[in-house]
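Architecture at a glance
What follows is each chain in one-letter form.
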Amino acid sequence: MHQVTLGMIGGGTVGGGVYKALHTGGVSLLASRAGVRVRLKRIAVKAFDEPRKVEIPEKLLTTSWREVVEDPEVQIVVELAGGTTVAREMALAALRLGKPVVTANKALLSAHGEELFAAAREHGANLYYEASVAGGIPIIKALREGFIGNRIESIYGIVNGTCNYILSRMEAEGADFEEVLAEAQRLGYAEADPTLDVDGWDSQHKIGILASLAHGFWVRPEHIHVEGIRGIAQQDIRFARQLGYSIKLLGVVKRLRPKRRPDGSPAGTIQVAVYPALVPRQHVLASVSDSFNAVFVRGNVVGETLFYGRGAGQDPTASAVLADIADAALDLKHGVPDRVPAFRPHEQNGSVRPLGECVSRYYVRLTVTDRPGVLARVAAILGEARIGISSVMQPEGHEGRTVPLILMIHDAPNSAMQEALDRIRKLKVVHGPAVMYRVEDFEGGKD
Ligand code: NDP
Ligand code: HSE
């Protein structure tokens, strides 16, 4: 039996889960299925006396991550420390020694992925990251291997469990965002600082990784438009429901037809964004509730596929790390570092089209004075911008008082829509901000 020695950095939620899974059957399953016996030799942590959910024998622990990386017996380095600064150093140090790295760190990949994958190629070591997107769901393996013969037309992902939990509870209970967030924090589902999750950054990290893998060029985080869920009002969830939709935070990647702008410059070839969107209630993603994740992928050969499961948590994430450990161990066993290319840039002309140039349908909620002619003035501004209304809803109001006016809008370019809304907001009969969410029909990229 081929033997492989692991070193791990991080013994917290995920690290503890990996330790537990390896010692409760993982080692023997990997041995029988992959023909490799793995041995976890050392685990680096920040402090010996930190209380841990999974108890790790003290003889395995060290507070020096370099000791793990530089140990000549350690052949695979598993980075589960988190963060982007020291974690970058850890990963680079291991790759420079030609050691494969397994990581769950989507923030690290989002910030430094290009550099890390280049280092991996340069030093003939692989970088595995299944756990970085959607926890236990094997979406990286699916895109990298299962769909290798497909052109990926679109990806729609519910990739943040915290946001999906909050939105599901808001819809089911009629509660407000702040109320549900506070409860999620009390139950430990949401972090004390929820910014990374509720403002969309965690989804941005994950969808950027999927977009890069699917389209063969590195998608930089600054090219990904991000909107979070903080501003979603209970009334929008209610109106969306009346119209036949649920609101979900989606990470979206759409392949677009190559085209040139009026000045002749090439427009981007894909659309990548994170935003709350109205999802038709009959679409399978509308029924993904609580903290579950799901990724809907359309390939030109395979058609529509759906991946569903737990996107975070100790055990689901450990499951993904174990799969990567098996792949890295097989690389070592066969002596072929790029048996499964982690990420191979192959698209020279790829770029992200700014969201302003992308087309979609919209839900708009205005607060207007209930008075004759208001709807006509709003419709006139939209009409001048060649933007069509597909339906209108207004709860019965009282003349002269304010009332919500809901408009469903046909396909329109985002920038034209924003400009029209800016004009509408300036009307005296329109009060407060205009609320706008995209409506997804899952038809892929539109021009
Ligand atoms: P935790 O905070 O629970 O654990 C981090 C671990 O790393 C701790 O054991 C900590 O030591 C150790 N550590 C931190 N800095 C250092 C350092 N400089 N040197 C040595 N050890 C260090 O984090 P998680 O396990 O939740 O997350 C780990 C990674 O997995 C992150 O990148 C996260 O984004 C990712 N991830 C997490 C998921 C989850 O459900 N938690 C899901 C998917 C991905 P000590 O124990 O002493 O504090
Ligand atoms: N905070 C993330 C979520 C889990 O809520 O989905 C880690 O990726």
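Cut-off values and rules
Residue indices follow the written sequence of each chain, beginning from 1 at its first position. Whichever chain is written first is A, and whichever ligand is written first is 1; the rest continue in order. For this predicted model, a pLDDT threshold of at least 70 governs which residues receive local features, and a threshold of 80 or more governs which side-chain atom pairs are given and counted, while totals over whole chains, interfaces and linings are taken from all residues. The side-chain figures draw on all heavy atoms in the structure; neither hydrogens nor water molecules are used. It suffices for a single heavy atom of a residue to lie within 4 Å of a molecule or strand for the residue to be listed as near it. Polar contacts here mean pairs of N or O atoms no more than 3.5 Å apart (in protein, one a potential hydrogen donor and the other a potential acceptor; neighbouring residues in sequence count only if both atoms are side-chain atoms). Computed by Shrake-Rupley with a 1.4 Å probe, the accessible areas treat only the displayed protein chains as cover when residues are assessed. Ten residue types, Ala, Val, Leu, Ile, Met, Phe, Trp, Tyr, Cys and Pro, are classed as nonpolar, four, Asp, Glu, Lys and Arg, as charged, and the remainder, Gly among them, as polar. Residues form patches when they are more than 30% accessible in relative terms and have no salt bridge. Like charges link within 9 Å. Nonpolar side chains (Val, Leu, Ile, Met, Phe, Trp, Tyr) link within 5 Å. Every case where a carboxyl oxygen of Asp or Glu lies within 4 Å of a side-chain nitrogen of Lys or Arg is listed as a salt bridge. Every helix listed is a DSSP run of H or I at least four residues long, and every strand listed is a run of E at least two residues long, numbered separately from the N terminus. Throughout this description, buried means an accessible area under 20% of the type-specific maximum (1.4 Å probe, protein chains only), exposed means over 50%, and partly exposed covers the range between. Delimitation of the domains relies on an automatic or database domain assignment. Note on terminology: a nonpolar core comprises buried Ala, Val, Leu, Ile, Met, Phe, Trp, Tyr and Cys residues joined through side-chain atoms within 4.5 Å. Here, two residues are considered to be in contact whenever any of their heavy atoms come within 4.5 Å of each other. Buried and open spaces are told apart on a 1 Å grid over the protein atoms alone, a cavity being a set of points where a 1.4 Å probe fits but cannot get out and a pocket being an open set with protein on both sides within 12 Å along at least five of seven lines. Residues with an atom within 4 Å of a point are the lining residues. Grid points are joined across faces, edges and corners, and a volume is the space filled by probe spheres set on the points. Lines fitted to C-alpha atoms define the axes here, with helix axes fitted over just the stretch in contact, and angles between the N-to-C directions of these axes take values from 0 to 180 degrees. In this scheme, roughly parallel covers angles under 35 degrees and roughly antiparallel covers those over 145, while 65 to 115 is roughly perpendicular and the rest are oblique. In this scheme, a crossing is called left-handed if the near helix is turned counterclockwise away from the far one by less than a right angle; it is called right-handed if the turn is clockwise. Two strands pair if DSSP finds at least two bridges between them.

**Brief notes about the site of ligand 1**
- Lining the immediate surroundings of ligand 1 are 23 residues, of which Gly11, Thr13, Val14, Ala47 and Gly313 lie closest.
- A distance of 2.9 Å separates an oxygen atom of ligand 1 from a polar atom in the backbone of Thr13.
- Contact distances for ligand 1 include 2.9 Å between an oxygen atom and a backbone N or O atom of Ala47.
- Bound to the protein, ligand 1 loses 77% of the 910 Å² it would expose on its own.
- Classifying every residue of the shell around ligand 1 by side-chain character gives eleven nonpolar, eight polar and four charged.

**Quick look at a nonpolar patch on the surface**
- A surface patch of nonpolar side chains, amounting to about 260 Å² of accessible area, comprises Val284, Leu306 and Tyr308.
- Along the chain, Val284 falls in the loop between strand 10 (270-280) and strand 11 (292-299).
- Assessed through its relative accessible area of 35%, Val284 is described here as partly exposed.

**A short note on the domain arrangement of the protein chain**
- Each assigned domain of the protein chain is listed here: domain 1 (2-136 + 314-333), domain 2 (143-310) and domain 3 (358-439).
- Between domain 1 and domain 3, the C-alpha centre-to-centre distance is 51 Å.

**Concerning the nonpolar core**
- In terms of nonpolar packing, the biggest core is built from 84 residues, with Ile139 and Ile155 touching the most fellow members.
- Ranked by residue count, the leading element in this core is helix 3 (residues 86-96), at seven residues.
- The contact partners of Ile139, leaving out residues within four places of it in the chain, are Glu130, Val133, Ala134, Leu210, Val295, Val297 and Phe307.

**Some points on empty space enclosed by the protein**
- Counting across every chain of the model gives one cavity of 30 Å³ or more.
- Each pocket or cavity is described by its volume, and for the largest cavity that value is around 30 Å³.
- The biggest single contributor to the lining of the largest cavity is helix 9 (residues 201-215), with four residues.
- Residues of the lining of the largest cavity, tallied by class, amount to five nonpolar, four polar and no charged.

**Topic: the packing of helix 4 (residues 106-122) against helix 9**
- Contact pair helix 4 / helix 9: the axes reach a minimum separation of 9 Å and the direction vectors enclose 60°. Considered as vectors, helix 4 and helix 9 are oriented oblique to each other. When you trace helix 4 past helix 9, the crossing you get is left-handed. Where helix 4 approaches helix 9, its residues Lys106, Ala107, Leu109 and Ser110 are matched on the opposing element by Asp202, His205, Lys206 and Ile209.
- Looking at the contact of helix 4 with helix 9, its residues break down into three nonpolar, two polar and three charged.

**Re the site of ligand 2**
- All residues in the neighbourhood of ligand 2 are listed as Lys106, Asn160, Gly161, Thr162, Asp197, Asp202, Lys206 and Ala312.
- Take Gly161: an N or O atom from its main chain is 2.7 Å from an oxygen atom of ligand 2.
- A distance of 2.8 Å separates an oxygen atom of ligand 2 from a polar atom in the side chain of Lys206.
- Starting from 260 Å² of accessible surface for ligand 2 in isolation, the protein chains cover 81%.
- For the shell around ligand 2, the elements supplying multiple residues, two or more each, are helix 6 (161-173) and helix 9.

**Remarks on the sheet that holds strand 6 (residues 127-128)**
- Here six strands make up an open sheet; going across it, the order is 3-2-1-4-5-6 and the pairing parallel. Since the sheet does not close on itself, it has two edges, and those belong to strand 3 (61-62) and strand 6, each with one partner.
- Relative to strand 3, strand 2 (residues 36-44) is paired through two bridges, and the arrangement is parallel. The residue bridging Ala44 from the neighbouring strand is Thr62, located in strand 3.

**Topic: the pattern of salt bridges**
- Under the defined criterion, the tally for this structure stands at 32 salt bridges.
- Between Arg88 and Glu115 there is a salt bridge; the shortest N-O distance is 2.8 Å. Of the two residues, Arg88 is situated in helix 3 and Glu115 in helix 4; the sequence distance between them amounts to 27 residues.
- With a shortest N-O distance of 3.1 Å, Asp327 and Arg339 are connected by a salt bridge. On the criterion of sequence distance, the pair formed by Asp327 in helix 11 (residues 314-334) and Arg339 in the loop between helix 11 and strand 13 (359-369) is long-range, its members being twelve residues apart.
- Taking the relative accessible area as the measure of exposure, Arg339 reaches 33% and is therefore partly exposed.
- Because the salt bridges share partners, they merge into one network encompassing Lys141, Arg144, Glu145, Asp327, Asp331 and Arg339.

**Thoughts on the pairing of strand 12 (residues 303-310)**
- Across eight bridges, strand 11 lies against strand 12 in antiparallel orientation. Paired with Arg298 across the strands is Glu304, a residue of strand 12.
- Hairpin connection of strand 11 to strand 12: three residues between the antiparallel strands.

**Things to note about the layout of surface pockets**
- A volume near 580 Å³ is recorded for the second largest pocket.
- Together, 25 residues line the second largest pocket, and Leu213, Ala214, His215, Gly216 and His346 are the ones closest to its centre.
- For the lining of the second largest pocket, the elements supplying multiple residues, two or more each, are helix 5 (139-146) and helix 9.
- Of all the elements, helix 9 adds the most residues to the lining of the second largest pocket, at three residues.

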